[in-house]
Amino acid sequence: MSLFIVITLSFFPIKNTLNNAVKILNESKIKNPILDSEILLSQAINRDRKYIFLNSKENLKQKYSKNFNNLIVRRRKGEPIAYLINKKEFWKQSFYVDQNVLIPRPDTELIIEQVLKLFLKNSKLQILDIGTGSGCILLSLLKEMPNCYGIGIDISKKSINISKYNAKMLQLTNKVKFYQSDVDNFKIGKYDLIVSNPPYIEVLNLKYLENDVVNFEPKLALNGGIDGFSKIRKVIDKATVLIKKNGKLVLEIGFNQKNKVQEMLRKKGFYINKTLKDYGGKDRCVISTKI
């Protein structure tokens, strides 16, 4: 499908424009062509999807059509929707995201869910988020637990800037600080709770990820080294130093890493509370306590 065909959408009613976009994405083997087209058109005209349905016979204004055309061209090349609209829903909030941070996944919400089961809502905790990315885990917890304070660290300066922006949007700036730091060099504070979704994909397996992941999401947030454990190992080593006695470490892991991670935790003086499965039935999260 040529770019010319996309551009000719400019002079059609909204319904026709949408149908043609769906056809283009479908021919490019995009998984959800209808939903994606509706979301991108909503983004282009700065209206909700309901407006599209209620005004389907109206002509799309030319000032909006160019933006929509560009979004469809980018989407047909595989660029994720979240990056195209700079937004991703996670837990109960909407987070700004771009190609400098990993797109939050529904499975990572397991961390939020479990922390809320471990602690009372009015608990006063010091929380550390290692590899904070967009800040989605830490900021979601702080939103749910108003008496807690948090620190997020990430090796990426651009990631830290995004986390700070999300904290401002969620009105949490007075409850959180973000530092650009490698986990090895971070030495500030002692924590009741440490959470982390570290990179855990084996470097040789990166190329087998879905195209929209491997071609667009930051390798820094995916690459777990030769064995997939290099960043997990660093997180556990540092958590041993930074966590308070009886503090909780909640760690997201790869589907085949449970046994090795549990062994690493036990050697560092952690008791394994439980391992949780994700929505696909795969091991995804380990909860442990420093003893």
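Report on the accompanying structure. (Residues numbered from 1 in each chain as written. Predicted model: local features only at pLDDT ≥ 70, side-chain atom pairs only at ≥ 80, totals over all residues. Heavy atoms only, no water.)

## Considering the environment of Asn 205
Note the threshold: We count a stretch as a helix when DSSP gives it H or I for four or more residues in a row; a strand needs E for two or more, and each element gets its number in order from the N terminus.
With respect to the helices and strands, the residue Asn 205 is situated in the loop between β6 (191–196) and α10 (211–214). As a C-alpha pair, Asn 205 and Pro 33 span 172 residues in sequence and 28 Å in three-dimensional space.

## Quick look at the packing of aromatic side chains
Inclusion rule: Two rings from Phe, Tyr or Trp (for Trp, the six-membered ring) form a pair when their centres sit within 6.5 Å of each other. Planes less than 30 degrees apart are called stacked, planes more than 60 degrees apart edge-to-face, and all others tilted. Relative accessible area decides the class of each residue, using a 1.4 Å probe on protein chains only: under 20% of the type maximum gives buried, over 50% gives exposed, and in between gives partly exposed.
Throughout the structure, instances matching the rule amount to three aromatic pairs. Centroid distance Phe 90 to Phe 95: 6.2 Å. Interplanar angle 70 degrees. Geometry classified as edge-to-face. For the pair shown, Phe 90 and Phe 95 are each scored as buried. Pairing Tyr 179 with Phe 186 gives two aromatic rings, centres 6.0 Å apart and planes at 50 degrees, and the pair type is tilted. Tyr 179 sits in the partly exposed class, given a relative accessible area of 28%.

## Regarding the pattern of salt bridges
Any two side chains of opposite charge can pair if their charged atoms end up close together. Using the following cut-off: What makes a salt bridge here is a side-chain nitrogen of Lys or Arg within 4 Å of a carboxyl oxygen of Asp or Glu, nothing more.
A complete count under the given rule lists 13 salt bridges for this structure. Its salt-bridge partner being Lys 244, residue Asp 192 comes within 3.3 Å of it at the nearest N-O pair. Here Lys 244 lies in strand β7 (residues 243–252) and Asp 192 lies in strand β6, a separation of 52 residues in the sequence. By relative accessible area, Lys 244 is classed as partly exposed at 33%. Of the charged contacts in the structure, one is a salt bridge between Asp 237 and Lys 268, with a shortest N-O distance of 3.5 Å. Of this pair, Asp 237 sits in helix α11 (residues 230–242) while Lys 268 sits in the loop between α12 (258–267) and β8 (270–277), and the two are 31 residues apart along the sequence. A relative accessible area of 35% places Lys 268 in the partly exposed class.

## Quick word on α12
Within an α-helix, residues lying three or four positions from one another point in the same direction, as the helix has 3.6 residues per turn. Applicable threshold: This arc describes the spread of directions from the helix axis toward the C-beta atoms. Two residues form a contact once any of their heavy atoms are found within 4.5 Å.
Buried within α12 we find Val 261, Gln 262, Met 264 and Leu 265. Projection of α12 onto a plane perpendicular to its axis shows the buried side chains occupying an angular sector of 160 degrees, all on one side. Along α12, the residues that are exposed and aim more than 90 degrees away from the buried face are Asn 259, Arg 266 and Lys 267. Looking at the buried side of α12, the elements it contacts are α11, β7, β8 and β9 (283–290). Once α12 finishes, Gly 269 follows within two positions and takes phi at roughly 85 degrees, a positive value.

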